[in-house]
Amino acid sequence: MKLARFNEGRVGLVLGNEVADLTEALEVDTTEWPSMGLLRVIANIEKYQPVIEEALKNAPRYSLDDIKLITPIPWPNKVIAFPVNYHDHGQEMQADYRATHQGFFLKPNSSLSGAGEPVVLPDVNNREVHHECELGIVIGKGGKDIPAENWKDHIFGYACLLDMVVRGREERVARKAYDTFCPVGPWITTADEVSDPCNLEMKLWVNGELRQHANTRDLVLDIPGMIEMASAVMTLYPGDIIATGTPAGVGQVKAGDTIRIAIDDLGEMNIPVIQGEGGRTFIFEKDYTPNIIKQK
């Protein structure tokens, strides 16, 4: 299945170039805050599977061209992100550590956005904002201290994910926490439709220029290892999102750019970049020093 949220929080199943609206059948309240509808579906998918099959017979359908895709899970318990998880990215950024021994960090729910929404640049014009192309993992069955060999039992699905960042040396979360700095989508593709998540090609373009191209087989800490490490520290809950790390090729984006990310089996997102008016803070008033000098 490909489950999507669209327009003002409606939920549907993507079928080719259409989305079947299952909002009422899945008992999703689009006025609820925080929005937990699709999260409940993920947590209780066995209950909702026959409901989905029956509702598809008469569900209204809309063209994907006529709807606005928004982030599938706006209110996960947490977004877990693994830094420097490709050797080539670590080398280009002169990082002497890797995710295998550095661990992870958390991004706020408020940074999440969707395929139909822009990345909004904060007013930090003396700093570069960079794109980072990543595979997103959505947890299905929660758990604590999950052995690496059981990783498949706990994954609901996958999505494309962008981890945007203000480049600098300040705390990582502060530089990655701006609103719209974590686009996820275009929908959640359930695990049964992904041929091999440990062997997925992923690419990112800016204005048609290919900047990032990697395969998830090149991850330093693999998907089973990420599940094991994260769950050793904290309980994983249905709907939690894991950002698996970015490969080499990160670079600046500016207002007017379009970021395109595509991952095998998962689809693609085309995200416009616009300039916002807020976001200025004294921690970013100084220029980033030393200058960013990528290593090859």
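Remember, it's a predicted structure, so these values are computed and weren't measured experimentally. (Residues numbered from 1 in each chain as written. Predicted model: local features only at pLDDT ≥ 70, side-chain atom pairs only at ≥ 80, totals over all residues. Heavy atoms only, no water.)

### A short note on helix α6 (residues 223-233)
In plain terms, the rule: Think of it in three bands: with a 1.4 Å probe and only protein chains considered, a residue is buried below 20% of the maximum accessible area for its type, exposed above 50%, and partly exposed in between. Starting at the N terminus, helices and strands are each numbered in turn, a helix being any DSSP run of H or I of at least four residues and a strand any DSSP run of E of at least two. Contact criterion: two residues are considered in contact whenever any of their non-hydrogen atoms come within 4.5 Å of each other. Any pair of N or O atoms that falls within 3.5 Å is considered a polar contact. Within protein, one atom must be able to donate a hydrogen and the other to accept it, and sequence-neighbouring residues count only if both atoms are side-chain atoms.
Of the positions making up α6, those classed as buried are I223, P224, G225, M226, I227, A230 and S231. Buried positions along α6 lie against β6 (79-81), β11 (133-139), β12 (155-162) and β17 (241-243). Where α6 begins, the capping side chain belongs to D222, and its oxygen is found 2.8 Å from the backbone nitrogen of G225.

### Things to note about the packing of aromatic side chains
As a reminder, the rule being used: Working definition: rings of Phe, Tyr and Trp (its six-membered ring) pair if their centres are within 6.5 Å, and the pair is stacked with planes under 30 degrees apart, edge-to-face with planes over 60 apart, and tilted otherwise.
Enumeration over the complete set of coordinates arrives at five aromatic pairs. On the basis of an interplanar angle of 55 degrees and a centroid distance of 6.3 Å, the ring pair of F6 and Y62 is categorised as tilted. Separated by 56 residues along the polypeptide, F6 in strand β1 (residues 2-6) and Y62 in strand β4 (residues 61-63) bring together distant segments of the chain. Ring geometry for W33 and W75: centres 5.3 Å apart, planes at 65 degrees, overall edge-to-face. Placement of W33 in the loop between β3 (18-21) and α1 (37-43) and of W75 in the loop between β5 (69-70) and β6 is noted, with a sequence separation of 42 residues between them.

### Re the pairing of β1
For clarity, the threshold we go by: Between any two strands, at least two bridges found by DSSP are needed for them to pair.
Across the five residues of β1, four count as buried, placing the element largely inside the fold. Judged from the two bridges that link them, β1 and strand β14 (residues 182-190) form a sheet pairing that is antiparallel. Residue pairing in the sheet places L3 in a bridge with I188 of β14. Here four bridges tie β1 to strand β2 (residues 10-15), and the two strands are oriented antiparallel to one another. Bridge pairing in β2 places R5 opposite V11. Here β1 folds back onto β2 in antiparallel fashion, the turn holding three residues, of which N7 has a positive phi close to 50 degrees.

### Looking at the side chain of D163
In this structure, D163 sits in the loop between β12 and β13 (165-166). Here the side chain of D163 touches K176 through a polar contact of 2.7 Å, side chain to side chain. Excluding anything up to four places from it in sequence, D163 contacts F105, K107, H130, H131, E132, E134, K176 and F181.

### Section: unusual backbone geometry
Comment: phi is negative for the bulk of residues other than glycine, and the bulk of peptide bonds are trans. W33 connects to P34 through a cis peptide bond whose omega is -5 degrees. Here P34 lies in the loop between β3 and α1. At the junction of G185 and P186, the peptide bond is cis and its omega measures out at 0 degrees in the coordinates. Counting through the fold element by element, P186 comes out in strand β14. One non-glycine residue with positive phi stands out, namely N7, at about 50 degrees. Judged by its relative accessible area of 31%, N7 is partly exposed. Its identity as a non-glycine residue notwithstanding, D265 has a phi of 75 degrees, on the positive side. As for its placement among the helices and strands, D265 is situated in the loop between β19 (258-263) and β20 (267-275). Note on D265: relative accessible area 34%, which makes it partly exposed.

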